[in-house]
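Summary of the model geometry
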Amino acid sequence: MSSLSTGDSGQHNVVRETVFYRLDKLVWEMRQAKSGLEMKLQKTFFSSTPSACTGKELVNWLRVKLLTPSETEALHLANALCRLGFIVPVNERQHTVKLDSSCYRIQRPALWPSRKWDSTSQEYAVYLLKKLEKGRSLEHYEQAALTKLEQVHTSVWANLKVAAKESLSKYSRGCKVDRDIEDSQDRCFWKVQRPPPSHKPHPRNDIFSRNSVCMEVINLSRKREIIEKKIKFLNVYLDKAKSHSEFAGEKAITILMNHCVNYAQHDPIITKQEMTNPWIAIDEYFYEDLIDLEDKGHTKLELESWRLGFRELLSDPYGKQLFATFLNQEYSLENLHFWDACDDLKRSPQSKIQDKIEKIKRDHLQSSSKYEVNLDRLVLQQTLEEMKTPSRYCMDKAQQHIYTLMKTDCYPRFLKSDLYKSLLAEFIDKRR
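Residues numbered from 1 in each chain as written. Predicted model: local features only at pLDDT ≥ 70, side-chain atom pairs only at ≥ 80, totals over all residues. Heavy atoms only, no water.

1. Observations concerning the pattern of salt bridges
Taken as a whole, this structure holds 18 salt bridges when the rule is applied. Between R108 and D186 there is a salt bridge, with the nearest N and O atoms lying 2.7 Å from each other. Of this pair, R108 sits in the loop between β4 (103-106) and α4 (121-133) while D186 sits in helix α7 (residues 176-193), and the two are 78 residues apart along the sequence. Judged by its relative accessible area of 26%, R108 is partly exposed. D186 gets classed as buried once you look at its relative accessible area, which sits at 12%. Its salt-bridge partner being D340, residue K320 comes within 2.6 Å of it at the nearest N-O pair. In this pair, K320 is assigned in helix α13 (residues 317-330) and D340 in helix α14 (residues 333-346), connecting sequence segments 20 residues apart. K320 gets classed as partly exposed once you look at its relative accessible area, which sits at 22%. Salt bridges linked by common partners bring K56, R63 and E71 together as one network. (Salt bridge = Lys/Arg side-chain N within 4 Å of Asp/Glu carboxyl O. Helix = DSSP H or I, 4+ residues; strand = E, 2+ residues; numbered from the N terminus. Buried < 20%, exposed > 50% of the residue type's maximum accessible area, 1.4 Å probe, protein only.)

The structure is reproduced here in structure tokens:
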């Protein structure tokens, strides 16, 4: 087909490529076996047409695919597909779609205008020669075109005849149905590429205009695809969120149940406590417990509560004192001193923040410090950087690092130590 004018060629080429891309994708979906347009044997009173669909079926499929209630818009798009060569009219001489039992086929992809928009004169000459070899007559405009082509390609005319005969031999090997389908497709393609003089020129400005109904339908198809992608993404996201929420819910319930089981014996509402109320009952062990509280500051439940977590041990004054004794034996008491200093820093007035930070740095962070702590190099650099702007929380990273070290290393060894086990055994033996 002839090219567009020079002034508008750039703009029209961009629009044409966009339209062809959308139409190409639409016709490809039309070819799908499950969701596409059904091609079947169309029977009429006088004849039957294999592998075809009616104009009504074509328009209805476009209406459903593009979600448009307007039959006029779907018919306009069907006519555009037919005029551009995507749809092949079987018996009609005009490239139009009618809402009746007229039969249509889908052009084979190799001849789609999106893939083969321009054709050469030699290809057209081979088609005409092949048509003569089949014993079919040429129309007046085709005969005139063949005579002109023979004058232009005199030097290669013999080669073109040979090419036509080879193409015809391949064509003859197929069955009659396949030959009829190929004939109709080739005829449609060349009527699009070399239309008869009586045919009106392709209304390109109508097909490729951004304001045309065709472009509106294409934009509608694009919006539909965008919405489908969003729906697909949201469905995947909701499935993940649902599975994550179910997993998180199960995990939270498991943690809550474990917490309730572990703390049940320490809850006075659920479990009866060792100490009875002296106003309503007389228990000789109550006085021993009082002595224990005055002398050692602990009970059996308090000793057992230290196993529940590291925070429980540090929150108990006697447990913290006993843990400090254990750390002193392990030569790591500086970790607890540093943690206490950082904890005290958070509760100090603003006027003493600078002095306490300097003291922590002098006692724990310098290489010559008496109680130097073993901090990771990166953590130490970040802490020293934050100390340049003093605040109550400039030691948080270092404090958390030391806390994690004591919790994962020192605390498990404390629970297995003879110091803790002997104290617990001594208390149990005494109660017996």
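2. Side note on the sheet that holds strand β1 (residues 40-43)
Here we have four strands laid out as an open sheet, ordered β1-β2-β4-β3, and antiparallel in their pairing. Each edge of the sheet is formed by a strand with only one pairing partner; in this case those strands are β1 and β3 (87-89). On average, each strand axis in the sheet is tilted by 65 degrees relative to the strand beside it, whichever way the strands run. Where β3 lies against β4, three bridges are found, and the strand directions are antiparallel. Opposite I87, over in β4, you have I106 as the bridge partner. (Pairing = 2+ DSSP bridges. Axes fitted to C-alpha atoms, helices over the stretch in contact; angles between N-to-C directions.)

3. Section: the nonpolar core
Within the largest apolar cluster, 38 residues are counted, with the highest numbers of intra-cluster contacts made by F323 and M395. Of all the secondary-structure elements, those providing two or more residues to this core are α12 (310-315), α13, α14, α15 (353-365), α17 (396-415) and α18 (418-431). With eight residues, α17 is the single largest residue contributor to this core. In contact with M395, not counting residues within four places along its chain, are C342, L345, I357, I360, L365, T383 and M387. By size, the runner-up hydrophobic cluster in this structure holds 25 residues, among which are L66, A74, A78 and I87. (Core = buried A, V, L, I, M, F, W, Y, C linked by side-chain atoms within 4.5 Å. Contact = heavy atoms within 4.5 Å.)

4. Description of helix α5 (residues 140-152)
The end-to-end C-alpha distance of α5 is 19 Å, a good match for the 18 Å that 13 residues give at a rise of 1.5 Å each. Of all the residues in α5, the buried ones are Y141, E142, L146 and L149. Here the buried residues of α5 occupy an arc of 135 degrees about the axis, which is enough to place them on one side. Seen from the open side of α5, the exposed residues pointing more than 90 degrees away from its buried face are H140, K148 and Q151. Looking at the buried side of α5, the elements it contacts are α4, α6 (157-172) and α7. (Expected span 1.5 Å × (residues − 1). Arc of directions from axis to C-beta.)

5. Description of the confidence of the model for the chain
Reading fine detail from the predicted coordinates is not recommended where pLDDT is low. With 78% of its residues at a pLDDT of 70 or more, the chain has an overall mean of 78. Ignoring residues within four places in sequence, the model shows residues 201-211, a span with pLDDT below 50, making 31 contacts including any to other chains. Across residues 289-297, where pLDDT falls below 50, the model places 14 contacts with residues more than four positions away in sequence or in other chains. (pLDDT = per-residue confidence, 0-100.)

6. Focus on the environment of N159
As for its placement among the helices and strands, N159 is situated in helix α6. A sequence separation of 33 residues divides N159 from V126, and the C-alpha atoms of the two residues are 9.6 Å apart.

7. Points about the pairing of strand β2 (residues 48-54)
Two strands pair when backbone bridges link them, and β1 and β2 are joined in this way by three bridges, in the antiparallel orientation. The residue bridging Q42 from the neighbouring strand is T49, located in β2. The sheet contact formed by β2 and β4 spans two bridges and is antiparallel. Among the inter-strand pairings, C53 is bridged to a residue of β4, identified as Y104.

8. Some thoughts on the side chain of H364
The topology assignment puts H364 in helix α15. Overall, the relative accessible area of 5% leaves H364 in the buried class. Discounting chain neighbours no more than four positions away, the residues touching H364 are E334, H337, F338, S369, Y371, E372 and V373.

9. Here we look at unusual backbone geometry
Backbone geometry at S51 places phi at a positive 50 degrees, although glycine is not the residue there. Looking at the secondary structure, you find S51 in strand β2. Residue classification places S51 among the partly exposed residues on the basis of a relative accessible area of 33%. Positive phi, normally seen in glycine, also occurs at Y331, with a value near 60 degrees. Within the secondary structure, Y331 sits in the loop between α13 and α14.

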